Structures are given as C-alpha cells and as structure tokens.
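Spelled out, the chains give:
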Amino acid sequence: MRRQKSTDLHRLSAALLVCTTWHLFVAGSVYAARPKVPASRPDVSVPGRIGIPAGDLRIVLQNVERGLRVASLLDTGTGQELLAAEPLPLFSVVLRDTQTKELLTLTADSGWKQALAAYSETRNRHTLTFGNPTDDRFAGIGVELTLDVDTVAGALIWDMKIANENPQWALWHVVFPQVALRDLGEGAKVFAQVTSGVELSTMWAKADKRGGTYPGGWTAMQYMAAYNPVRGTGLYLGMHDPWGSTKDIFAQGWPDKQAVALTFDHPVPNMGKPGVGFELPGVARWQLLRGDWFDAAMIYRNWVVNDAKWWPSLGPDGREDTPKWMRELPAWVMTGGPASDCVPKVKAFAQAIALPTGFHWYNWHEIPFDNDYPHYFPVKDGFSEGVAELKAAGVYPMPYINGRLWDLHDKGAEDWEFTKTARPAATKDEDGSPCTESYGSKETDGNSVTLAVMCPTTSLWQNQVRDIVLRLFNDYGVSGVYIDQIAAAAPRLCFDASHGHDLGGGPWWTEGYWKMLDAIRAAKPADRMLTTECNAEPYIKWLDGYLTWHWQNQDMVPAFSAVYGGAVQMFGRAYRSGPTQDLANRMKAGQQLVYGEQIGWFGPEILDRADSAPFVRDCIALRYQLREYFYRGRMARPPRFATPAPTVTADWQWSNEWLVTTDAVLTGAWWIPQDNKTLLLLANVSDTPFTSRLSLNPKDYTFSGKPIAASVVHPDGTRTPLALDAIDQANVEIPARSIVAWEIQSADR
Ligand SMILES: [Zn+2]
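Residues numbered from 1 in each chain as written. Predicted model: local features only at pLDDT ≥ 70, side-chain atom pairs only at ≥ 80, totals over all residues. Heavy atoms only, no water.

A. Local environment of the overall build of the protein chain. Scanning the protein chain from terminus to terminus reveals twelve helices and 43 strands. Computed over the C-alpha atoms, the radius of gyration of the protein chain is 28 Å, within 12% of the 27 Å expected from 2.2 N^0.38 for a compact globule of 749 residues. Its C-alpha atoms give the protein chain principal-axis dimensions of roughly 85 × 75 × 45 Å. Burial analysis of the protein chain (749 residues in total) assigns 61% to the buried set. Contacts spanning at least 24 positions in sequence make up 71% of the contacts within the protein chain whose residues lie at least 6 apart. Accessible area for the protein chain stands at about 27,000 Å²; split by element, carbon and sulfur atoms hold 49% of it. Charge separation in the protein chain, taken as the distance between the mean sites of 71 positive and 83 negative side-chain charges, equals 6 Å. (Helix = DSSP H or I, 4+ residues; strand = E, 2+ residues; numbered from the N terminus. Rg over C-alpha atoms; globule rule 2.2 N^0.38 Å. Buried < 20%, exposed > 50% of the residue type's maximum accessible area, 1.4 Å probe, protein only. Contact = heavy atoms within 4.5 Å. Areas by Shrake-Rupley, 256 points an atom, 1.4 Å probe, with all protein chains shown as cover. Lys, Arg positive; Asp, Glu negative; His and termini not counted. Charge placed at Lys NZ, Arg CZ, Asp CG, Glu CD.)

B. The packing of aromatic side chains, seen in detail. Under the counting rule described, the total for this entry stands at 44 aromatic pairs. Both rings, one in W293 and one in F294, keep their centres 5.5 Å apart while their planes meet at 85°; by these two values the pair is edge-to-face. Both residues of the pair, W293 and F294, count as buried. For the ring pair Y300 and W303, a centre distance of 5.5 Å and an interplane angle of 50° mean the geometry is tilted. Placement of the pair is Y300 and W303 together in helix α2 (residues 293-307), with a separation of three residues, close to one helical turn. W303 carries the same exposure label as Y300, and that label is buried. Just above the ring of W172 sits the side chain of R96; from NZ or CZ to the centre is 3.8 Å. Over the ring of F377 we find R471, and its NZ or CZ is 3.9 Å from the ring centre. (Phe/Tyr/Trp six-rings, centres within 6.5 Å; stacked < 30°, edge-to-face > 60°. Lys NZ or Arg CZ within 6 Å of the ring centre and 35° of its normal.)

C. Local environment of the pattern of salt bridges. Within the structure shown, the criterion is met by 41 salt bridges. With a closest N to O distance of 3.0 Å, E328 and K324 form a salt bridge. Here E328 and its partner K324 are both found in helix α3 (residues 324-328), four residues apart, which amounts to about one turn of the helix. Connected through shared salt-bridge partners, D292, D295, R637, R640 and D700 make up one network. (Salt bridge = Lys/Arg side-chain N within 4 Å of Asp/Glu carboxyl O.)

D. Representation of the coordination of the zinc ion in the model. Here the zinc ion is held by C455 (SG), C494 (SG), H499 (ND1) and H501 (NE2), and the distances to it run 2.0 to 2.3 Å. Of note is the zinc ion, whose four donor atoms meet at the metal with angles of 98 to 128° in an arrangement that counts as tetrahedral. Counting gaps between the donor residues of the zinc ion yields the pattern C-x38-C-x4-H-x1-H. This pair shows no difference in class: C494 is buried, exactly as H499 is. (Donors = N, O, S within 2.8 Å, 3.2 Å for Na, K, Ca; no water. Tetrahedral: all angles 85-135°; square planar, octahedral: opposite > 155°, others 65-115°.)

E. Highlighting the pairing of strand β13 (residues 189-192). Relative to strand β16 (residues 223-228), β13 is paired through three bridges, and the arrangement is antiparallel. Each residue of the ladder has a partner; that of K189, found in β16, is Y227. In this sheet, strand β14 (residues 198-200) lies alongside β13 in antiparallel orientation, the contact comprising three bridges. Bridged to F191 within β14 is E199. If you look at the hairpin formed by β13 and β14, you'll find five residues sitting between the two strands, and T195 has a positive phi there, around 50°. (Pairing = 2+ DSSP bridges.)

F. How the structure looks around the packing of helix α5 (residues 383-392) against helix α7 (residues 459-476). Close contact between α5 and α7 brings their axes to 10 Å; oriented N to C, the two are set at 70°. Classified by the angle their axes make, α5 and α7 are roughly perpendicular. Here α5 contributes F383, S384 and V387 to the contact with α7, which in turn contributes L472, D475 and Y476. Class assignment for the residues of the contact of α5 with α7 results in four nonpolar, one polar and one charged. (Axes fitted to C-alpha atoms, helices over the stretch in contact; angles between N-to-C directions. Parallel < 35°, antiparallel > 145°, perpendicular 65-115°, else oblique. Nonpolar A, V, L, I, M, F, W, Y, C, P; charged D, E, K, R; others polar.)

G. Structural view of the state of the cysteines. Counted according to the given criterion, the structure contains zero disulfides. Free of any disulfide, C435 has its nearest neighbouring cysteine sulfur in C494, separated by 6.5 Å. (Disulfide = S-S within 2.5 Å.)

H. Broad picture of the environment of A584. By secondary structure assignment, the location of A584 is in helix α10 (residues 581-595). In this structure, the C-alpha to C-alpha distance between A584 and T718, residues 134 residues apart in sequence, is 28 Å. Leave out the neighbours within four places in its chain, and A584 touches A650, D651 and W652.

I. Just the pairing of strand β22 (residues 331-336), in detail. Across six bridges, β22 lies against strand β23 (residues 357-362) in parallel orientation. Bridge pairing in β23 places M334 opposite H360. As for the winding sense of the linkage, the β-α-β connection from β22 through helix α4 (residues 339-353) to β23 is right-handed. Sheet topology note: the β22/strand β32 (residues 599-602) ladder contains two bridges and is parallel. What sits directly across from A331, in β32, is I599. (Right-handed = clockwise from strand over helix to strand, strands pointing away.)

J. Structural context of the sheet that holds strand β2 (residues 49-54). On the basis of which strands lie adjacent, the open sheet formed by four strands has the order β2-β3-β4-β5 and antiparallel pairing. The open sheet terminates on both sides in strands that have one partner only, identified here as β2 and β5 (80-81). Sheet analysis places β2 next to strand β3 (residues 57-64), joined by six bridges and oriented antiparallel. Across the sheet, residue G51 finds its bridge partner in β3, namely V60.

K. Quick look at the sheet that holds strand β39 (residues 690-695). The antiparallel open sheet is built from three strands, whose spatial order is β34-β39-β42. The open sheet has two edge strands with one neighbour each: β34 (640-641) and β42 (731-734).

L. Looking closely at the confidence of the model for the protein chain. Residues of the protein chain with pLDDT of at least 70 account for 94%, and the chain-wide mean is 93. The low-confidence segment residues 1-36, where pLDDT is below 50, has 59 contacts with residues more than four positions distant or belonging to other chains. (pLDDT = per-residue confidence, 0-100.)

Encoded structure:
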C-alpha cells in the first residue's frame, strides 16, 4: 500500500508542478531511505488535497485558487471532525504601509500566486511555502510554514517564518496559529485563559470572547483547548514560546457558525519597520485531546518543565531558592497604615491561629497610595520597630511597592523628577509620548494622578526598583517585598528606540524584568523573598510568590496550579464584604485550599466572624499540616463524586455584585511522587452534609494497584487510620462546613 501511495504521490506531484497557482512536491519519497521515526507521509489520493496523519489526528490541507487552507482536522479514533464548517485561514499577516499607516491583511487561503506543499521523508517534515503575492504592492513578502508530526501524541508541530524584502509594506501583526473548532456536542467545553483558567460550556452558543494580552494576570499561560470528555475527543492548541513574548490569546464563540475560534496574535518585533521579517517564537502545537482541562494542563506542563525559560530549579523540597518559611506559610493577612494601627491587630491574628502568618503591609510609606511613586521613603513612624515586633511574634512582614509606575507629578502636584530623570526610561507610544495609566488616586490639586509605565529594559528603572527593595531588606529588615503589577499587567508595546529593544512586539519585556529581578535576587539576603501581583507565568523563576487575589471567576479550574503547583507559592485571594460574605469566605478559603494556595489575604478581623471564621481556620490549619504537598509536591487530577454535589452561590464582590456559583463540595488532589503519597481534599463549604462515592481512576494517582495505608488528617494535626478496600470507589461523608483530608500512602510504585 505504501509503495502504491508513493507512486501516486510522485505522479501527482509531477502533474502539479506545472500548475502555477499551487504546487505539491514530495522530496525524496521515492529514493530516500525509510526514516526510523514513523513517517507522516501525506495522502494525496484526492486531487488537490493532502492528508497528513499524526497518530489519530489527521489534517487535510486543500489547495484553493490563491492559497492553501485546512479542510479537515479529524480524530480518526472517534470519527469526530474537529474543524468548523467554515475554517479560519491557517495564518493572517497584517501589513502596514510605512508611509500612510494603512493596514491590509494577507491570509494563507488567498492572495498568493504560489502556494507549495512539500514533504521531506528524510526529515519527516512538511513545508508549506507561500510566495508571489497576487497584489503587486506586496512583492517580496513570503511565508514558510513547517509542520512536524508527533505520531505518538497525535500532534502537529508548526513553525513559521516570514520574509519581507518589501520597502513599503511592513509586518505589523501575525495571527498564528488560529483554528475554528466545531461544536463537539453535548458536554463539550472550551478551556480559555482567564486567571487560573476557565472551563466554559457555553462558547458555541454565545458570542463570548475570553482571553487578552499575554503575559498578564488574566491571560497567564499560552494554551487553550476545546474538548468533549464524554466522547473522548478534542484539540489542545498551544504556543510553546519559551521566552513568553507578547501576544494576544483569545477564545471566541461564533454561534451563527456553531464554531469557537482559538487565536494567537503576535505583534511583530520591530513592527512597522520595512524589510523586517518574522519568526514564530517557539512552536505552535495542535494535539488531539482525549480528556479535559487537566489533561490539557499536563500537555502544557510537560513542555514548560522541559523548555520554558521561567521554569525554576526544583529540589526534593521544591523551590530551594525560596526561604522555607515562605514555602510553609499557611495564612496571610492584609492591612496597613502606621505600625501603631496595624501591628497589634496582625499580632493578635497570628497569636489566635498560633501559626506562622504572612502580612502584606500597605501604606507603610508617607506618600499616598498610587501617588508620588516611586518615592516610597521616608517610612511612617514606627515602621522599623513594627517590623521587628511582628517578626518576633512569628509574623513575616512584606511591604507593598509598585514595580511599574512613576507619577508624572511625583512630589504633590509638582513634576519633580519625572521629566528630569524618569521620562527617558518610560515606555513610549509610537508618537513618542509616555504610556500612562490612572487608578482613581488624586493629586493634591484634585486632578487624577497620572502614572507613566516604566520600561523594564532600562537600567534606570531596573536600578530604581532594586534600590528600593534592597533598602527595605537591609535598612528595615522586612521578610519579603511585594512588587506590584509585574505578573499582572500585560506588556506595553514600547516604541522608544533609545531603549535598545525591538520596537513593539517580542520577548524583550519579560527579559527586562528577568534582568531586574536577577540583580535583586543576587543581592538580597537568602532568608527573604519576593512576590508580585497575579500569575503571568514567565516570571516564576524570579519570584517566590504570586498573589492570586484576582482568582474570582465563575467556571474557574485550577489549571495554573496543575501546571505550576510546587514551582511558585500562591497566596492571597481578595476577601470582600456583602450580604453573603460568610458563604463567600468559605467558598474562597475552600477553593484556595484545594487549589494549593496559602489561605488569605483578609483583614485580621475575619476571625471575629462567628459564621465563617471556624471554616477559614480549619483551612489554615490543614494548609499548615499538609504544607509539604503544596511546596514539594504537585497537583493531581481533582477527584469527582459518583453523584454530583449540589451547588452554592454567593456574592464574591470582586467588582460590585459578583455572583459566583461553585460545587458545594470543592475537591482537590496533590501528590508527592518521590514519597508515593497522595492527598485528597474534599471541602464542603455549604450548610448541608454531603454523602457520595468517589469516582476516580487510581492510575491518576500514586496508589495504582498497590497496597495502601490511608489516614484522615485533622486540622489539629492528628491522624486517624482509614480502612479502605477500594479507594476509587470509597464512600465518603462530608459534614457541613468541614474538610475531609485523606492521605494515602502507597507501599511502592
Ligand atoms: Zn522601552
């Protein structure tokens, strides 16, 4: 059969070579030696169509009059066609006229006199070449895609290069990869990048758009997925970019086409400059997905661990460059002001829980919040003494600073040092004006405070932040410094050529922060730590903790924890007030526990709430008893129940009324592979007891088919032996407002 196919192929390629609009060329398919890896020899039995198998995933490329398009993306195992009836072009290139700034778009499926598909059997690689644009204005612009195949994983691995020798039309944005996926039926879901990750069942029915600019706190990782776990089919779509370059990542529902579009849009490095080409940062991976969000996270994690520049070194005890106390912390409080106000309250909290406590200290400086940055000194009276007093009481004080902003009027209403010193190092729009932001704070003259976004590549800003942080460590003895916004705010497309980085797009933003943080980490005392806001992934190696305060969304799943649990300490949901505050408190604390976060951050007064304080305290106590799972282990697949738990809804007050519905019983699993032990957490945040049977696959944990010893772990640290015949079908009773924690030790693996 193979011989026959290659003969057909040879004949067809010979025939197609005379066609000027589209070519298929197979190099070496007749004469080359057989490759050792399974070949992804194209099937060209239908004229004008090339089928390429990748295990159970089969892509069909089709020639169209002026280009090439994807005609099918088939899961041959289940027979499920994944591609929408109206597919998206393989790529779109947005070009800009260097004079008029007019924008025009070239796509893979139109606008080319030449579109060539070639296969090299020796390299087992497909190459798609697009050249000679039909619009003469774009002469000199050509695109090359390479496609490698992972037959074991069922994956297509794409790379892309764009050449541009055109003196007038410059590259601006490149959209690749992008795929429109069809409705995968009852039970189908889309995984999108929102905070910790969200799993949405309504994307095919709603014109919803979820995602944003990466890397940022709301678009933290570089992959999406659509899948139907019931049918066992779906697609993972990832940009495996080891530098974390700036890009927009979106999932968008198109109900009129019964499709969901997953797109990655790259602002080009040196965008708008004539004669500048483009190379995809890293590769794009399309992989057959037979599970759900957790399986998608494992595909991404496997790449991150091996290739991402931000994956930290992990020893047997996790992040050994993070002080042990930080890895172990169970709870965080957040308040601020002068020491005389906050120190007694924070000490009282720590004494009440009788456990180590982190304290995020706001407004320790005399300047107002979000005003006169970055002039944080002098400190308020008593700060130094307050830090010492707290540390003596088992509290770890961590003051707030901002890592991004400089006030244009940085001494009251006066422009003191901004224009004189800072302006050259501020990010700039294309017209040369500084990129600025306002957050509602007011100058002394009543005007809004306007803050410039500083460019992290500049030595001025790198040194400024370093000096503030080291002064806090060395002169005031703080345990950590929180540097706001680094992993929250997406990069600005800075066009200031004097900074020496590529203009606009590229990986330079993250590299600037890496350099800044490298210098701080090298100079800081070893027993201190650094944290930042939110959870954009590419700074993990340089920070000890991420403030997950914004994990407040409906439909969240702990995908970020599944990828990064053990690689960075997560802490600090925003706890708010409102009519259902106590239920919201229990939901947040329970979710934090199963997501592997340190519990908090709330004001110390949370312990006064008779309704929710006992549950919150249980979460803190268990977080402490079980801490090693979270800093030297990793997340396993959250267990399910044979009968679904009821749901609860509360107003989380993230922004005005903010209703969030979750299961009444939140579940999580963590394991320490090197110790063969697994932790199952079942947190009933509701007022109703819940009884069910566990429904899980032992293969997902450490206790697959082996003798087990199990125990119930109580908040006070005591353990009760647990008699279990079959863990995967164990009956479980979870009283109202309580957490069941089971530790399961396997004898051997
Ligand atoms: Zn810059």
